[in-house]
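Coordinate inspection notes
Single-letter residue listing:
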Amino acid sequence: LNAMSKSKREIDLYGEEEEYGGGLTHSLRAMEPKEKKLKTAVLQDRARKEAIQAHSQAESAASRDRLSLDHPRFPHHALIAVGGRSYLLLQTKGRLCDGHCLLVPQLACASMVACDEDTLEELRNFKKCL
């Protein structure tokens, strides 16, 4: 019984054993200068705000993209085939010729060079099948 209560006392707040210097991390954190603690908090807050801003920019870009499958005005009647990373779509306006179609990656890419390898491979497979 006494050994059991002793082992509980030897474990500090972070789950480390005090007998072997486990309380060292807690005491070092308490001894950090206030400026360093504030800098860490400011940096974490800044990183959080940047992540929120990047997410909101990505969402707004996706909502403006008319070729996105989730867009409310997406022409579902022109959809021919859907793959894992891209889809084949008939051009509804501004056709160059009869049967003109679009190969569109599901994730927005600035160009074919900017797409990842899996998406490029799927687009090549779509081209082969045409």
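Above this text you will find the structure in question.
Notes on the structure follow.

Parameters at a glance
Residues numbered from 1 in each chain as written. Predicted model: local features only at pLDDT ≥ 70, side-chain atom pairs only at ≥ 80, totals over all residues. Heavy atoms only, no water. Salt bridge = Lys/Arg side-chain N within 4 Å of Asp/Glu carboxyl O. Helix = DSSP H or I, 4+ residues; strand = E, 2+ residues; numbered from the N terminus. Buried < 20%, exposed > 50% of the residue type's maximum accessible area, 1.4 Å probe, protein only. Pairing = 2+ DSSP bridges. Axes fitted to C-alpha atoms, helices over the stretch in contact; angles between N-to-C directions. Expected span 1.5 Å × (residues − 1). Arc of directions from axis to C-beta. Contact = heavy atoms within 4.5 Å. Phe/Tyr/Trp six-rings, centres within 6.5 Å; stacked < 30°, edge-to-face > 60°. Core = buried A, V, L, I, M, F, W, Y, C linked by side-chain atoms within 4.5 Å.

1. Some remarks on the pattern of salt bridges
With the rule as written, the count across this model stands at four salt bridges. The partner of Asp45 in a salt bridge is Arg48, with the nearest N and O atoms 3.1 Å apart. Placement of both Asp45 and Arg48 in helix H3 (residues 34–64) is noted, with a separation of three residues, approximately one turn of the helix. Take Asp45: its relative accessible area is 29%, and that puts it in the partly exposed class. Across the pair Arg85 and Asp118 runs a salt bridge, and its minimum N-O distance is 3.5 Å. Note that Arg85 is positioned in the loop between strand E1 (79–82) and strand E2 (86–90) and Asp118 in helix H4 (residues 117–129), a separation of 33 residues in sequence. You can call Arg85 partly exposed: its relative accessible area is 33%. Among the residues examined, Asp118 registers a relative accessible area of 43% and is labelled partly exposed.

2. Topic: the sheet that holds E1
What the three strands build is an open sheet, ordered E1-E2-E3; its pairing is antiparallel. Each of the sheet's edge strands pairs with one partner strand only, and the pair in question is E1 and strand E3 (101–105). Each adjacent strand pair in this sheet contributes to an overall mean axis angle of 20 degrees, direction not counted.

3. A few points about H4
In this model H4 runs 19 Å from its N-terminal to its C-terminal C-alpha over 13 residues, within 8% of the 18 Å that 1.5 Å per residue would give. For H4, the complete set of buried residues consists of Thr119, Leu120, Glu122, Leu123 and Phe126. Buried positions in H4, seen along its axis, are confined to an arc of 165 degrees and lie on one side of it. Of the residues in H4, the exposed ones pointing more than 90 degrees away from the buried face are Glu117, Lys128 and Cys129. At its buried positions, H4 is contacted by E1, E2 and E3.

4. A closer look at the pairing of E1
Pairing analysis gives three bridges linking E1 to E2, with the strands arranged antiparallel. Bridge assignment links Val82 to a residue of E2, and that residue is Tyr87. Linking E1 to E2, which pair antiparallel, is a turn of three residues.

5. Some details on the packing of aromatic side chains
Evaluated as defined, the whole model comprises one aromatic pair. Between the aromatic rings of Phe74 and Tyr87, the centroid separation amounts to 5.7 Å while the plane-to-plane angle is 85 degrees, which identifies the pairing as edge-to-face. You can see Phe74 sitting in the loop between H3 and E1 and its partner Tyr87 sitting in strand E2, a full 13 residues away along the chain. Neither residue differs from the other here; Phe74 and Tyr87 are each classed as buried.

6. A short note on the nonpolar core
By size, the foremost hydrophobic cluster in this structure holds five residues: Phe74, Ala78, Tyr87, Leu89 and Val104. Every residue in contact with Leu89, bar those within four places of it in the chain, is listed here: Leu67, Phe74, Pro75, Ala78, Leu79, Cys101 and Leu102.

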